[in-house]
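Now for the letters of each chain:
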Amino acid sequence: MEHTDNNNDRASLDTLSRVADNLAVGIRLEPLLELVLRSAVTLLGCESGSLCLVDQPSNTYRKVIDMQAGCQAGRVFPLTEGVTGAVTRTGGPVAFAHYADVPGGHVEPSSELFERAVLGVPIRTRAGLTGSLVVFAADDVRSFTPQTWSS
């Protein structure tokens, strides 16, 4: 029997995916991206996350929005690092049982988030993969499974 939280997670991610797919080019993105991140965090019953924009030609991404995650908003990182790098390499959602397992992660080991589960999902526009939305579990018990993001 599937846990109700997984059903809610899947519905939330489906909604966020549709919003992200419809992002228009040429509008002020940061307020919209902050709304998307806040909505994702709230819908998943979490408290923290980040949103990054990918620059494929330069093989980098920029952390645009940080919501209580200590993820160094405004900084640019190579696509070989972090949850966004993992999302870009796989082209789809990724989940880690502990942030400590993220290759080249940017959350400090002293942070309470370091041992929590983390989920990253791609943000796509008509131009392709343009970013990632990263959400941290609200506690040490919560995990993200493939059922969280699959149909």
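Our subject is the structure listed above.
Just so it is clear, the model here is predicted, and its values are computed rather than measured.

Asks: It is not clear to me how the overall build of the protein chain should be interpreted in this structure. Could you clarify?
Replies: A count of helical and extended segments in the protein chain gives four helices and six strands. Listed N to C, the secondary structure of the protein chain is α-α-β-β-β-α-β-β-β-α in terms of helices and strands. For the protein chain, the proportion of its 151 residues judged to be buried stands at 44%. For the protein chain, restricting intrachain contacts to residue pairs at least 6 apart in sequence, the fraction spanning at least 24 positions comes to 48%. A total accessible area of about 7600 Å² is found for the protein chain, and carbon and sulfur atoms account for 52% of it.

Asks: Just to check I follow, could you spell out the environment of valine 134 for this structure?
Replies: Along the polypeptide, valine 134 turns up in strand β6 (residues 128-136). Setting aside anything within four residues of it in sequence, one finds valine 134 in contact with Leu37, Ser48, Gly49, Ser50, Val83, Thr84, Val118, Leu119 and Gly120.

Asks: In this structure, what is going on with the nonpolar core? I would like to understand it.
Replies: The tendency in soluble globular proteins is for nonpolar side chains to be buried side by side. Ranked by internal contacts, the top residues of the largest apolar core, which has 19 residues, are Leu37, Leu51, Leu133, Val135 and Phe144. Looking at this core, the elements with two or more residues in it are α2 (29-43), β2 (60-67), β5 (118-125) and β6. Per-element accounting of this core gives the leading share, five residues, to α2. Non-local contacts of leucine 51, meaning those with residues more than four positions away in its chain, are made with Leu33, Val36, Leu37, Arg62, Lys63, Val64, Ile65, Ile123, Ser132 and Leu133. Judged by nonpolar contacts, the second largest core, of 14 residues, contains Val94, Phe96, Val107 and Val134.

Asks: Would you mind going over the pattern of salt bridges with me for this structure?
Replies: In a structure, side chains of opposite charge can pair up when their charged atoms sit close to one another. Enumeration according to the criterion identifies three salt bridges in this entry. Among the ionic pairs, arginine 116 bridges to aspartate 140, the shortest N-O distance being 3.3 Å. Taken together, the residues arginine 116 in the loop between β4 (94-96) and β5 and aspartate 140 in the loop between β6 and α4 (146-149) connect sequence positions 24 residues apart. If you follow the salt bridges from partner to partner, you end up with Glu112, Arg116 and Asp140 in one network.

Asks: Help me out: how do you make sense of unusual backbone geometry in this one?
Replies: Most peptide bonds take the trans form, and the phi angle of most residues other than glycine is negative. Within the chain, asparagine 59 stands out as a residue other than glycine whose phi angle is a positive 60°. With respect to the element layout, asparagine 59 can be found in the loop between β1 (48-55) and β2. In this structure asparagine 59 comes out as partly exposed when scored by relative accessible area, which is 43%.

Asks: Which parts of the structure should I look at to understand the sheet that holds β4?
Replies: Backbone-to-backbone hydrogen bonds join strands into a sheet, with any given pair of strands oriented parallel or antiparallel. Strand order in the open sheet formed by six strands is β3-β2-β1-β6-β5-β4, with antiparallel pairing between adjacent strands. Bordering the open sheet on either side are β3 (76-78) and β4, each of which pairs with just one other strand. Pairwise comparison of adjacent strand axes, ignoring direction, gives a mean angle of 25° for this sheet. In this sheet, β6 lies alongside β5 in antiparallel orientation, the contact comprising eight bridges. The residue of β6 that forms the bridge with arginine 124 is leucine 129.

Asks: Looking at this structure, how should I read helix α3 (residues 82-90)?
Replies: An α-helical turn contains 3.6 residues, so a residue and the one three or four places further along point in the same direction. With respect to burial, α3 is a largely interior element, seven of its nine residues being buried. Along α3, the residues classified as buried are Gly82, Val83, Thr84, Gly85, Ala86, Val87 and Thr88. Tucked into the core, α3 has its buried residues touching β1, β2, β4, β5 and β6. Directly beyond the C-terminal end of α3, a positive phi value near 75° is found at glycine 91.

Cut-off values and rules
- Residues numbered from 1 in each chain as written.
- Predicted model: local features only at pLDDT ≥ 70, side-chain atom pairs only at ≥ 80, totals over all residues.
- Heavy atoms only, no water.
- Helix = DSSP H or I, 4+ residues; strand = E, 2+ residues; numbered from the N terminus.
- Buried < 20%, exposed > 50% of the residue type's maximum accessible area, 1.4 Å probe, protein only.
- Contact = heavy atoms within 4.5 Å.
- Areas by Shrake-Rupley, 256 points an atom, 1.4 Å probe, with all protein chains shown as cover.
- Core = buried A, V, L, I, M, F, W, Y, C linked by side-chain atoms within 4.5 Å.
- Salt bridge = Lys/Arg side-chain N within 4 Å of Asp/Glu carboxyl O.
- Pairing = 2+ DSSP bridges.
- Axes fitted to C-alpha atoms, helices over the stretch in contact; angles between N-to-C directions.

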